[in-house]
Amino acid sequence: MSGRPRGALLTVEGVEGAGKTTQAARLVEALRSSGREAVLTREPGGTELGRDIRRMLLALDGEAPAPEAELLLYLADRAQHVRRLVGPAIERGAIVVADRFSDSTIAYQAHGRGLPLDAVRAIDDFARGGIAPFLTFVLDLEPEAGLVRARATGPADRLESEEIAFHRRVREGFRAIAAASPGRVVVLDASRPVDDLAREIAATALDRLEHA
Ligand code: T5A
């Protein structure tokens, strides 16, 4: 490699409890072991402002946001995240691994909540300001199984407390995104063992980055 390494955004997506946080951390370890600078982050909550927005979005007490307000809060988090953390890291040549990004907005706010897809895409484009994932892993799991896993880690938040039909629409949303972008999105069966998934994700990411 000559000159500055090329930065990129890799994202890990999927339903509640699919194993995104686990796999994003394992991917960062693998990237660092290969000698790359890797940054682990998440949405919502990758910045200080984002952590305040995350609390507003996921708290069960207080007034629930209307779907349109919820969308704009997720995108305020993204706008800040991209400009303060993700964009600068990519610019200096780092690989950023994000636990959720724009595909979650399409899956949850468009497919789950039923907001118009074109409007969600347009506002997300504005929030992202040209930053887009180079490669995305969708961890696909029955929503019921994911919610059982999520319960083992703590009490349900506002989104996890939605009815099961909502989580089924979200899963279908991720599948539709993957079908529309087969070159970018790799779908994996999230019921497989953690180590097995981590090996495949690391091998795929390193191969794609090598041949980019
Ligand atoms: N949201 C987010 C939107 O609506 N719109 C948006 O635009 C964005 C960005 C964020 C919420 O916001 C919504 C989506 C979410 O509802 P979150 O905390 O980031 O919330 O997301 P969650 O899905 O709630 O995160 P979780 O931490 O609950 O789930 P993960 O990260 O998928 O799973 P993880 O890795 O924490 O694992 C959960 C448990 O399962 C085990 C782990 O050890 C852990 O105990 N596990 C496995 N068990 C068996 N086999 C495997 N392969 C396993 N992998 C992990």
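Here the structure is shown first, and the text comes after it.
In every chain, residue numbers begin from 1 and rise along the written sequence. The model is predicted, so local features are restricted to residues of pLDDT at least 70 and side-chain atom pairs to those at 80 or more, both for listing and for counting; the totals for chains, interfaces and linings are taken over all residues. As a rule here, side-chain values come from all non-hydrogen atoms in the structure, and water together with hydrogens is ignored.

1. Some thoughts on the pattern of salt bridges
So, step 1. Counted as salt bridges are all cases of a side-chain nitrogen of Lys or Arg within 4 Å of a carboxyl oxygen of Asp or Glu. All chains considered together, the criterion is met by 19 salt bridges.
So, step 2. Between Asp-52 and Arg-55 there is a salt bridge, with the nearest N and O atoms lying 2.4 Å from each other. Highlighted residues: Asp-52 and Arg-55, both in helix α2 (residues 48-58), separated by 3 residues, approximately one helical turn.
So, step 3. Judged by relative accessible area, Asp-52 falls into the partly exposed class, the value being 38%.
So, step 4. Throughout this description, buried means an accessible area under 20% of the type-specific maximum (1.4 Å probe, protein chains only), exposed means over 50%, and partly exposed covers the range between. In this structure Arg-55 comes out as exposed when scored by relative accessible area, which is 55%.
So, step 5. Of the charged contacts in the structure, one is a salt bridge between Asp-124 and Arg-128, with a shortest N-O distance of 3.1 Å. With Asp-124 and Arg-128 both in helix α5 (residues 117-128) and 4 residues apart, the pair spans about one turn of that helix. For the pair formed by Asp-124 and Arg-128, the shared burial category is buried.
So, step 6. Counted as one network, the salt bridges with shared partners bring together Glu-43, Arg-78, Asp-124, Asp-125 and Arg-128. Strands here mean DSSP runs of E at least two residues long; helices mean DSSP runs of H or I at least four residues long; both are numbered from the N terminus.

2. Description of the sheet that holds strand β4 (residues 135-140)
So, step 1. Pairing between strands is defined by DSSP: at least two bridges between the two strands are required. Pairing in this open sheet of 5 strands is parallel, and the strands run β2-β3-β1-β4-β5 from one edge to the other. A strand with exactly one partner marks an edge of an open sheet, and here the two such strands are β2 (38-42) and β5 (185-189). Averaged over all neighbouring strand pairs, the angle between strand axes comes to 20°, with direction disregarded.
So, step 2. Pairing analysis gives 5 bridges linking β2 to strand β3 (residues 95-99), with the strands arranged parallel. Angles shown run from 0 to 180 degrees and are taken between the N-to-C directions of axes, each axis being a line fitted to C-alpha atoms and, for helices, limited to the stretch in contact.

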